[in-house]
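# Fold and contact review
Next come the chains, spelled out residue by residue.
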Amino acid sequence: LPLDERLKRRIIDGERTGLEADLDAALVDKSALAIINDILLDGMKVVGELFGSGQMQLPFVLQSAEVMKTSVAYLEPHMDKADDGGKGRIVLATVRGDVHDIGKNLVDIILSNNGYEVVNIGIKQPINAILDAAEQHNADAIGMSGLLVKSTVIMKENLQEMATRGVADRWPVLLGGAALTRAYVEDDLRSMFAGEVHYARDAFEGLSLMERVMA
Ligand code: B1M
């Protein structure tokens, strides 16, 4: 198989033997970000389709996720880094009940590499923990990620909780994750939330939103 195809296959098959050598070879003529976006995420997409249609079982999805994470960790030092973390601070979490963190961690990398300080508090985070962290770290924004359909409901509840506590306009909120749609965030959630809430389709939109929020 050609190198690109082989790398994509490694994600789908969860095969990590020889992974680093293939990533090194890909780095010769591609940037680390291009490898992630154009090759590895394509593989994760196939994994999602196979899993969704019942052709792949959960333990294999987990293996694919591990290879994806190993690859991102290997590629991260090869990314361009803006040298200061002084452009603003965001608390980032995957919402309550949701363990998916590959997307959230990509958002962390992209923001961190572009001059933002990211306080990444991990997965399955209840709103209390998110707000405590935002308070404690004096954050400029809150980012919530979630991939399950249920997580879109949790996000809505989280915004309601912010309103109840009177902190709706204290932090702009960025939302992302595969189960969300732009319409759900920009129509439904925005109409019920007194503060600022934005939808990010991917990590790069997350970055441009952060630039906007901090402007
Ligand atoms: Co699960 N899973 N999973 N899973 N998983 C999905 C989400 C699913 C769509 C698969 C499917 O059925 N086709 C489905 C959800 C269905 C639904 O809700 N209706 C599903 C399911 C059902 C489950 C379990 C319930 C399975 C089970 O136990 N029976 C279980 C849930 C456990 C739980 O959360 N309580 C489960 C578990 C797992 C694994 C642990 C095996 C593993 C996760 C490992 C990990 O993350 N550490 C896993 C995986 C890998 C997936 C799929 C295949 C891939 C997700 C992924 O990493 N994509 C996924 C299929 C899919 O998404 N279509 C699936 C790559 C990643 C880069 O994309 O996170 O979307 P994503 O991030 C993108 C953007 O969304 C955006 O930027 C990123 C790209 O730049 N983004 C943000 C994300 N967050 C953002 C935040 C921002 C800005 C942008 O600002 C704050």
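Structural notes, computed from the coordinates. Predicted model only: the values in this text are computed from it and were never measured.

On to the site of the ligand, then. G97, V99, H100, D101 and S145 are the nearest of the 34 residues found near the ligand. One of the backbone nitrogen or oxygen atoms of A203 is found 3.0 Å away from an oxygen atom of the ligand. Every element with two or more residues in the shell around the ligand is listed here: α3 (32–52), α4 (58–75), α5 (102–113), β3 (141–145) and β4 (173–176). For the shell around the ligand, a count of residues per class yields 20 nonpolar, nine polar and five charged.

There is one protein donor for the cobalt atom of the ligand, and it is H100 (NE2), at 2.2 Å. Of note, H100 is situated in the loop between β1 (89–94) and α5.

Another point: α5. The terminal C-alpha atoms of α5, which comprises 12 residues, lie 16 Å apart, in line with the 16 Å expected from a rise of 1.5 Å per residue. Taken together, the buried positions of α5 are occupied by I102, K104, L106, V107, D108, I109, I110, L111 and N113. On its buried face, α5 is in contact with α3, α4, β1, β2 (117–120), β3 and α9 (203–214). Backbone geometry just after α5 places G115 at a positive phi near 95 degrees.

Judged by nonpolar contacts, the single largest core of 28 residues is most densely connected at I142, M144, M162, W171, V173, L175 and V185. Contributing elements (two or more residues each) for this core: β1, α6 (127–136), β3, α7 (149–164), β4, α8 (182–192) and β5 (197–200). Broken down by element, the residue count for this core peaks at five residues, all from α6. Leave out the neighbours within four places in its chain, and W171 touches L131, A134, E135, A139, D140, A141, I142, M162 and E196.

Side chains of β4 alternate between two faces, with V173 and L175 and L174 and G176 buried alike. Sheet topology places β3 next to β4; four bridges connect them, and they run parallel. Bridging across to β4, I142 finds its partner in V173. Crossover connection from β3 via α7 to parallel β4: handedness right-handed. For β4 and β5, the ladder comprises four bridges, and the chain directions are parallel.

What follows deals with the pattern of salt bridges. Tallied over the entire structure, the rule returns 16 salt bridges. With its nearest N and O atoms 3.2 Å apart, the salt bridge here joins E157 to R96. Remark: R96 occurs in the loop between β1 and α5 and E157 occurs in helix α7; sequence separation between them is 61 residues. For R96, a relative accessible area of 39% puts it in the partly exposed group. A salt bridge links R182 to E205; the shortest N-O distance between them is 2.8 Å. In this pair, R182 is assigned in helix α8 and E205 in helix α9, connecting sequence segments 23 residues apart.

Turning our eyes to something else, we now look at helix α1 (residues 3–13). Among the residues of α1, those classed as buried are L7, R10, I11 and I12. Backbone geometry just after α1 places G14 at a positive phi near 65 degrees.

Inspection of the secondary structure puts T152 in helix α7. The exposure class of T152 is buried, given its relative accessible area of 9%. With residues up to four places along the chain from it excluded, the contact list for T152 reads A179, L180 and Y184.

Hydrogen bonds along the backbone pair up the strands of a sheet, which may run parallel or antiparallel. Read from one edge of the open sheet, five strands run β2-β1-β3-β4-β5, paired in parallel fashion. Among the strands making up the open sheet, the edge pair consists of β2 and β5. Across the sheet, the mean angle separating the axes of adjacent strands is 25 degrees when strand polarity is ignored. Direction of pairing for β1 relative to β3: parallel, over a ladder of five bridges. Residue T94 lies in a different strand from β3, and its bridge partner there is S145. Each of β4 and β5 touches α8; the most contacted strand, β5, lies at about 175 degrees to it.

Cut-off values and rules
Residues numbered from 1 in each chain as written. Predicted model: local features only at pLDDT ≥ 70, side-chain atom pairs only at ≥ 80, totals over all residues. Heavy atoms only, no water. Near = heavy atom within 4 Å. Polar contact = N/O pair within 3.5 Å; in protein donor to acceptor, adjacent residues only side chain to side chain. Helix = DSSP H or I, 4+ residues; strand = E, 2+ residues; numbered from the N terminus. Nonpolar A, V, L, I, M, F, W, Y, C, P; charged D, E, K, R; others polar. Donors = N, O, S within 2.8 Å, 3.2 Å for Na, K, Ca; no water. Expected span 1.5 Å × (residues − 1). Buried < 20%, exposed > 50% of the residue type's maximum accessible area, 1.4 Å probe, protein only. Contact = heavy atoms within 4.5 Å. Core = buried A, V, L, I, M, F, W, Y, C linked by side-chain atoms within 4.5 Å. Pairing = 2+ DSSP bridges. Right-handed = clockwise from strand over helix to strand, strands pointing away. Salt bridge = Lys/Arg side-chain N within 4 Å of Asp/Glu carboxyl O. Axes fitted to C-alpha atoms, helices over the stretch in contact; angles between N-to-C directions.

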